[in-house]
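Architecture and fold: a report
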Amino acid sequence: AGAGPVAATTPAAGIAGADGVFKRDWAGIFFSAGLAPGAGAGPQGEAPEPGADDDSSGGSSGDSSGGSSGDTAGLGGAAGGATSANGAAAGQLDPGRLAAAQLDPRQLGCGRFRPEVCQAYVDVATTGRATPAAVELLRRSSPLTVADRITAPTLLIQGELDTLFGLDHADATARQIASAGGPVKVVWYAGGHDGGSPGPALRAKITQWFGFHLDGRGTDPGTGFEYDVQGTFQRSGAPSVRTVFAEAYPGLDVPVQRRTIELGGPAQPVFVPAGGSPAATSSVPGLSGLLGRFRDRLTLDVPGQSAVFASEPAAEQLLIAGSPHVRLRVSGLPGAAPTEAVLFAKLYDVAPDGSRTLPGGGVAPVRLALPADGSPAEVTVALPGIVRPLEPEHRLALAVSTTDRAFAGATQPAVHLVEVGGSLSVPVVPGRSAAGTEVPRLPLAGLGAVLAALLLIVAAAALRGRRSDRGDPALAGVPLVINGLTKSYPGGLVAVDDLSLRVESGQVLGLLGPNGAGKTTTLRMLMGLIRPNSGNIRVYGHRVEPGAPVLSRLGSFVEGPGFLPHLSGLENLRLFWAATGRPAADSRLDEALEVAGLGNAVHRRVSTYSHGMKQRLAIAQAMLGMPELLVLDEPTNGLDPPQIREMRAVLRRYAATGRTVVVSSHLLAEVEQTCSHVVVMHRGRLVAAGPVADIVAGGGQASFTVDDPDAASRVLTGADGVTGVSADGYTVHADLGPLPRSFAVTALVQAGVAVESAGPRRRLEDAFLQLVGEEVGR
């Protein structure tokens, strides 16, 4: 240890004490792999003498063909392989020779394992508990005994899809080596025992890492942290993957940030079936990896054996990276309280249609003692480490079960009462992408006409002295600021009249207005396609004009898609990115294709596309490189309802990463569901701007869901300033004028009317028509 650089793909396994929970399925697979008739210990259980036929290689780390170094579940780390003392090869069993050799019958089932290892496995497999001797044996055989003495630079590569070695194993190794003073770089990749081996890109990083530390070649890879995030777009049967980079590894349980999510649900009884069967299914070792993208749905919870606590739908994307924590309160029913409980906690991602996904198939087993008087016992559960983007409108559901077929649980019938003792704490590790923000460069070779035009533009700009923009430092972090923007055309037509607005990071801004309001003209000036007569536009503090370098930080789709029809969608995107002069690796092409959702159609010629398909391809083109400011003109035009719904989620997710989206649309209902802020234009002028909720809430119109609509109508009608009272079933509508809704609710409650909900009545469409509707109708 410490003699040279270490590239570890198998972490130091944590050692469970006698009160731990036995990982039965993986242990059985590893132990069975080491069994072979006649290949066990020598006479009377003694180890064979080493010789030419001795094979003590055991198995490779993490390989189901043999023992796993330091694997608590596999119990294979101390295995030594050998042929039998009587010379019988593995797989051969001669009854006569067996009797002559006087083998201990207890050793017949031990195969290649030493007696002490075999006995430890038998004890744990039959009782579900590890004896102190077994724990000590495993500890001596684990990298745990040396990891805290490694001082060499270490690269730890850990699979995110691994029910054998979870992220917690690599985390333990990282902490041990770091405590010894060894530099550690941690990489979580989208694979593992349930997801596949590292791919070519990761293997290249390993080669580069060794190249620097052993040969001094290349640049120092440092100790930054990388983790993969899987998408849903399928290419060649595999999901798209993007990599997030952080400055340093934060640790699995102590991330840079944590978010709190409330879980709802009452205390729920769960029962333990006799014998522990039937049992819930979370993963199947050896099979989960063969199921590809369906492995996360290989779950089955037995009715009556699970308590479920769910969150509200997410309002925006949340990228979970690490180990979520939750506190549970468990007790036995009065008069029948067991002395302990063995439970299995797992965190589901629940889609709006109710389908559930268990990220990585991960389960957290818990064994806790219960008070004899039936009072509850509390425990904080560290759920399996995951990397999972929780999409908008999805929920998190915590399931706490009494069984899991991968583990040895309780076998005595019992009933437990389970409740959540606090909020779910979710880890977040902010990072950055590999894409840069360099200025796009046009490939000029062979493009003399383009070069000449470019020189003319530069010369003209130099004459006007407009290439000296150094930017406004005070606005360096603001995506978009428009001041006094005006654009007029010959004949007295004023398309945009003294427009001023400001857009902040993370916003989805809806640009609204009737036809001729000046929306598209504003976007064209924002793109540098036309010049204003007066006023200015600044993007991240820099003035926008044709050819401005800051435009490289902006992606756009304005006035309809345009592609080369004889090329495929994929070829069009690659050609567009090549024209920017930026490296192909910075295009984030897979992420853009995931957004487009064209499937295999991306390989067809664009001439065969429908209008909606071209629209989606254009949006993917605008997102190439994942620009910081995204400008879209009528992005849902030509899309069907499911595609519009997906586009709505895409734009919210995009802004949730800290980027900004400006979108113009005439579909007010979609804008209301998609945008956080709106700007309303009419006849080139700004008529309203602000958060969607503030625009909608104006006017005093409100709705109340009550138990007695007649009584509620009488109370509201008698209130000063309230008009337009009407009832629709158990919902009562009223125009409160200047009266706050809270006063109306108080009046209803004091009159004995139960109010279930209260909120603004009108929609964005109502607000929009009130702002511009009268003039539109003229």
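Residues numbered from 1 in each chain as written. Predicted model: local features only at pLDDT ≥ 70, side-chain atom pairs only at ≥ 80, totals over all residues. Heavy atoms only, no water.

Quick look at the overall build of the chain
If you tally the helices and strands in the chain, you get 18 helices and 32 strands. Burial status across the chain gives 48% buried among its 778 residues. Sequence-distant contacts, at least 24 apart, represent 77% of the contacts inside the chain between residues at least 6 apart. As displayed, the chain has an accessible area near 35,200 Å², and 54% of this comes from carbon and sulfur atoms. (Helix = DSSP H or I, 4+ residues; strand = E, 2+ residues; numbered from the N terminus. Buried < 20%, exposed > 50% of the residue type's maximum accessible area, 1.4 Å probe, protein only. Contact = heavy atoms within 4.5 Å. Areas by Shrake-Rupley, 256 points an atom, 1.4 Å probe, with all protein chains shown as cover.)

Overview of the state of the cysteines
Here the structure, examined in full by the defined rule, presents 1 disulfide. The side chain of C110 participates in a disulfide bridge whose partner is C118; the two sulfur atoms lie 1.9 Å from each other. Torsion about the S-S bond of the C110 and C118 cystine: about -75 degrees, corresponding to left-handed handedness. Take C110: its relative accessible area is 1%, and that puts it in the buried class. (Disulfide = S-S within 2.5 Å.)

Observations regarding the environment of A27
Looking at the element boundaries, A27 is found in helix α1 (residues 24-33). Judged by relative accessible area, A27 falls into the buried class, the value being 0%. In sequence terms A27 and Y121 are 94 residues apart; their C-alpha atoms lie 8.4 Å from each other.

Let's talk about the sheet that holds strand β20 (residues 493-503)
A sheet is described by the order of its strands in space; here 4 strands give the open sequence β20-β19-β22-β23, paired in antiparallel fashion. Among the strands making up the open sheet, the edge pair consists of β20 and β23 (542-543). One ladder, built from 7 bridges, connects strand β19 (residues 480-489) with β20; its direction is antiparallel. Along β20, the bridge assignment pairs L485 with L499. Contacts from helix α9 (residues 519-526) reach β19, β20 and β22 (534-539), with the element oriented near 115 degrees to β19. (Pairing = 2+ DSSP bridges. Axes fitted to C-alpha atoms, helices over the stretch in contact; angles between N-to-C directions.)

Description of the pairing of strand β28 (residues 685-691)
Bridge count for strand β27 (residues 677-682) against β28 is 6 bridges, and the pairing is antiparallel. Considered in β28, the bridge of M681 is made with L686. Taking the residues between adjacent antiparallel strands as the criterion, β27 and β28 are bridged by 2 residues, where R683 takes a positive phi near 55 degrees.

Brief notes about unusual backbone geometry
The amide bond that connects S277 to the next residue, P278, takes the cis arrangement and shows omega of 5 degrees. Within the secondary structure, P278 sits in the loop between β7 (268-272) and β8 (306-310). Positive phi, normally seen in glycine, also occurs at R588, with a value near 55 degrees. On the secondary structure map, R588 appears in the loop between α10 (569-580) and α11 (589-596). For R588, a relative accessible area of 13% corresponds to the buried category. Phi is positive for M626, which is not a glycine, with a value near 50 degrees.

A closer look at the sheet that holds strand β26 (residues 660-664)
In space, the 6 strands of this open sheet follow the order β24-β25-β26-β21-β27-β28, with mixed pairing throughout. Each of the sheet's edge strands pairs with one partner strand only, and the pair in question is β24 (554-557) and β28. Recorded for the sheet is a direction-independent mean angle of 15 degrees between the axes of neighbouring strands. Against the sheet, helix α12 (residues 611-622) contacts β24 and β25 (629-633), and its axis sits at roughly 165 degrees relative to β24. Its contacts with the sheet put helix α13 (residues 641-656) on β21 (508-512), β25 and β26, and the angle it makes with β21 is roughly 130 degrees.

Considerations on the packing of aromatic side chains
A complete count under the given rule lists 11 aromatic pairs for this structure. Plain terms: the ring middles of W188 and Y227 are 6.5 Å apart, the flat faces sit at 55 degrees to each other, and that makes the pair tilted. Here Y227 lies in strand β4 (residues 225-235) and W188 lies in strand β3 (residues 184-189), a separation of 39 residues in the sequence. The exposure class of W188 is buried, given its relative accessible area of 2%. The rings of F22, F31, F113 and Y121 are connected pair by pair, giving a single aromatic cluster. In this structure, R553 is placed above the aromatic ring of Y540, and the distance from its NZ or CZ to the ring centre is 4.2 Å. Above the face of the Y654 ring, R659 is positioned so that its terminal group lies 5.2 Å from the ring centre. (Phe/Tyr/Trp six-rings, centres within 6.5 Å; stacked < 30°, edge-to-face > 60°. Lys NZ or Arg CZ within 6 Å of the ring centre and 35° of its normal.)

Here's the deal with the pattern of salt bridges
Counted under the stated rule, the structure contains 22 salt bridges. When the shortest N-O distance is used, the salt bridge between E378 and R327 registers 2.8 Å. With E378 in strand β14 (residues 377-382) and R327 in strand β10 (residues 325-332), the pair connects residues that are 51 residues apart, well separated along the chain. Given a relative accessible area of 39%, E378 falls into the partly exposed group. (Salt bridge = Lys/Arg side-chain N within 4 Å of Asp/Glu carboxyl O.)

Things to note about the confidence of the model for the chain
Low-pLDDT stretches of the model should not have their predicted coordinates read in fine detail. Across the chain, pLDDT averages 77, with 75% of residues at or above 70. By mean pLDDT, the top-scoring element of the chain is strand β16 (residues 395-401) (95), and the lowest-scoring one is strand β1 (residues 6-8) (44). Every residue in residues 38-93 scores below 50 in pLDDT, and together they form 120 contacts with partners more than four places removed in sequence or on other chains. Per-residue pLDDT stays below 50 along residues 774-778; that stretch engages in 5 contacts with residues further than four places along the chain or on separate chains. (pLDDT = per-residue confidence, 0-100.)

Let's talk about the side chain of H416
Within the secondary structure, H416 sits in strand β17 (residues 414-420). When its relative accessible area of 2% is taken as the criterion, H416 is described as buried. Those residues in contact with H416 that lie beyond four places of it in its chain are Q268, P269, V270, V272, V330, S331, P338, E340, A341, L343, L370 and T402.

A word on the nonpolar core
Most often, soluble globular proteins have nonpolar side chains that are buried together. Within the largest apolar cluster, 44 residues are counted, with the highest numbers of intra-cluster contacts made by L573, L598, L617, M623, L630 and L632. Discounting residues that sit within four places of it in the chain, L573 has contacts with L589, L593, L617, A620, Q621 and L624. Grouped together as the second largest cluster of nonpolar side chains are 33 residues, A345, A364, V379 and V381 included. (Core = buried A, V, L, I, M, F, W, Y, C linked by side-chain atoms within 4.5 Å.)

A closer look at helix α3 (residues 115-127)
The terminal C-alpha atoms of α3, which comprises 13 residues, lie 18 Å apart, in line with the 18 Å expected from a rise of 1.5 Å per residue. Among the residues of α3, those classed as buried are V117, C118, A120, Y121 and V124. The buried residues of α3 occupy one face: seen down the axis, they fall within an arc of 160 degrees. Away from the buried face of α3 by more than 90 degrees, exposed residues T126 and T127 are located. (Expected span 1.5 Å × (residues − 1). Arc of directions from axis to C-beta.)

Describing the environment of Q507
Along the chain, the position of Q507 falls in the loop between β20 and β21. The exposure class of Q507 is buried, given its relative accessible area of 12%. When the C-alpha atoms of Q507 and Y654 are compared, they prove to be 9.7 Å apart, with 147 residues separating the residues in sequence. Among residues more than four places away in sequence, those in contact with Q507 are A655, R659, T660, V661, S676 and H677. Here H677 takes part through its side chain, which lies 3.4 Å from a polar atom of the side chain of Q507. (Polar contact = N/O pair within 3.5 Å; in protein donor to acceptor, adjacent residues only side chain to side chain.)

Description of the environment of A744
Residue position: A744 is located in helix α17 (residues 741-750). What makes A744 buried here is its relative accessible area of 3%. Ignoring any residue separated from it by four or fewer positions in sequence, one finds A744 in contact with F704, L716, L736 and L739.

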